[in-house]
Amino acid sequence: MPTSTIYTLIKQLLTKKATNPFPVKYTPNNMHAAASLIESGDLTINPPVELPPDFRGKLSYDVDACIGCQLCLKVCPAEALVFKSEERKVKHYVSRCTFCAQCANICPKDCFEMTEEFLIAGLDKYSDDMILNP
Ligand code: SF4
Ligand code: SF4
């Protein structure tokens, strides 16, 4: 094995992890059974790694502060924001979001915040928690 490969391998082994390890030590045969065991405390999960500063998780939206200027819609690359003309507020589809933070950066009223919430996978992309200001 070339020296540079060995060097890279050792460096990787000593570098702090940036991504979460698989939640449990061994791949379970049945994920639903494993989830029940985790809930009852009979199976311990690997703790998630510490979030880095400025982590961009699920958006939060301060609907009261919003003045309806629509700047956020102009910069959103994913059409994750829809203007509700009757309210002069926006609706946010979490499932379409790329977490780029452009809306948060441009909003003159700081209505958006990139939270630390990232465990948002689900079966229904139109469920209440997947649409802000539905
Ligand atoms: S974070 Fe990016 S993709 Fe998500 S709503 Fe804002 S501008 Fe759109
Ligand atoms: S940029 Fe801010 S104030 Fe303007 S519509 Fe979007 S959320 Fe509301």
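Since this is a predicted model, take the numbers as computed values, not measurements.

Colleague: Would you explain the overall build of the protein in this entry?
Modeller: Looking only at helices and strands, one finds four helices and five strands in the protein. Taking 14 Å as the expected radius of gyration for a compact globule of 134 residues, we find that the protein reaches 20 Å, considerably beyond that expectation. Dimensions of the protein along its principal axes, counting C-alpha atoms only, are 60 × 45 × 20 Å. By the burial criterion, 10% of the 134 residues in the protein qualify as buried. Sequence separation of at least 24 residues holds for 62% of the intrachain contacts in the protein that already meet a minimum separation of 6.

Colleague: Would you explain the site of ligand 2 in this entry?
Modeller: Residues in contact with ligand 2, as listed here, are C66, I67, G68, C69, Q70, L71, C72, V90, C107, P108, K109 and C111. Taken together, the residues of the shell around ligand 2 break down into nine nonpolar, two polar and one charged.

Colleague: Whenever I open this one, the environment of D129 confuses me. Can you help?
Modeller: Following the sequence through the fold, D129 ends up in the loop between strand 4 (112-114) and strand 5 (131-132). Considered as a pair, D129 and G41 are 88 residues apart in the sequence and their alpha carbons are 26 Å apart.

Colleague: Before we go on, may I ask you to explain the site of ligand 1 in this structure?
Modeller: Near ligand 1 you find 15 residues, and of these C76, A80, C97, C100 and C103 are the closest. Across the shell around ligand 1, the residue classes tally to twelve nonpolar, three polar and no charged.

Colleague: How do you make sense of the domain arrangement of the protein when you look at a structure like this?
Modeller: How big an interface is tends to be stated in terms of the accessible area lost upon association of its parts. Taken domain by domain, the protein holds domain 1 (3-40) and domain 2 (59-132). Relative to domain 2, the C-alpha centre of domain 1 lies at a distance of 32 Å.

Colleague: I tried to follow the environment of Q102 on my own but got confused; where do I start?
Modeller: Looking at where Q102 falls in the secondary structure, it is placed in helix 4 (residues 102-106). Once you skip the residues sitting within four places of it in the chain, Q102 turns out to touch V75 and C76.

Colleague: Where do I start with the pairing of strand 3 (residues 89-93) in this structure?
Modeller: Each regular strand carries side chains that alternate between the two faces of the sheet. Side-chain alternation along strand 3 places V90 and H92 on a buried face and K89, K91 and Y93 on a face that remains uncovered. Pairing analysis gives four bridges linking strand 2 (residues 81-84) to strand 3, with the strands arranged antiparallel. Bridged to K84 within strand 3 is K89. The hairpin turn running from strand 2 into strand 3, its antiparallel successor, is four residues long, and R88 in that turn takes a positive phi close to 60 degrees. In terms of strand pairing, strand 3 meets strand 5 through two bridges, oriented antiparallel. Paired with H92 across the two strands is L132, which belongs to strand 5.

Colleague: I keep staring at helix 2 (residues 31-40) and nothing clicks. Help me out?
Modeller: Count 3.6 residues to each turn of an α-helix, and residues three or four apart come out pointing the same way. With respect to burial, helix 2 is a largely exposed element, only zero of its ten residues being buried. Positive backbone phi, at 85 degrees, marks G41, one or two positions downstream of helix 2.

Colleague: Help me out: how do you make sense of the sheet that holds strand 5 in this one?
Modeller: Strand-to-strand pairing in sheets goes through backbone hydrogen bonds, with the strands running parallel or antiparallel. Strand order in this open sheet of three strands is 2-3-5, and the pairing throughout is antiparallel. Both edges of this open sheet fall to strand 2 and strand 5, since each of them pairs with a single strand only.

So, how was this worked out
- Residues numbered from 1 in each chain as written.
- Chains lettered and ligands numbered in written order.
- Predicted model: local features only at pLDDT ≥ 70, side-chain atom pairs only at ≥ 80, totals over all residues.
- Helix = DSSP H or I, 4+ residues; strand = E, 2+ residues; numbered from the N terminus.
- Rg over C-alpha atoms; globule rule 2.2 N^0.38 Å.
- Buried ≥ 20, exposed ≤ 12 C-beta atoms within 10 Å, placed from the backbone.
- Contact = placed C-beta atoms within 7 Å.
- Near = placed C-beta within 6 Å.
- Nonpolar A, V, L, I, M, F, W, Y, C, P; charged D, E, K, R; others polar.
- Domains from an automatic or database assignment.
- Pairing = 2+ DSSP bridges.

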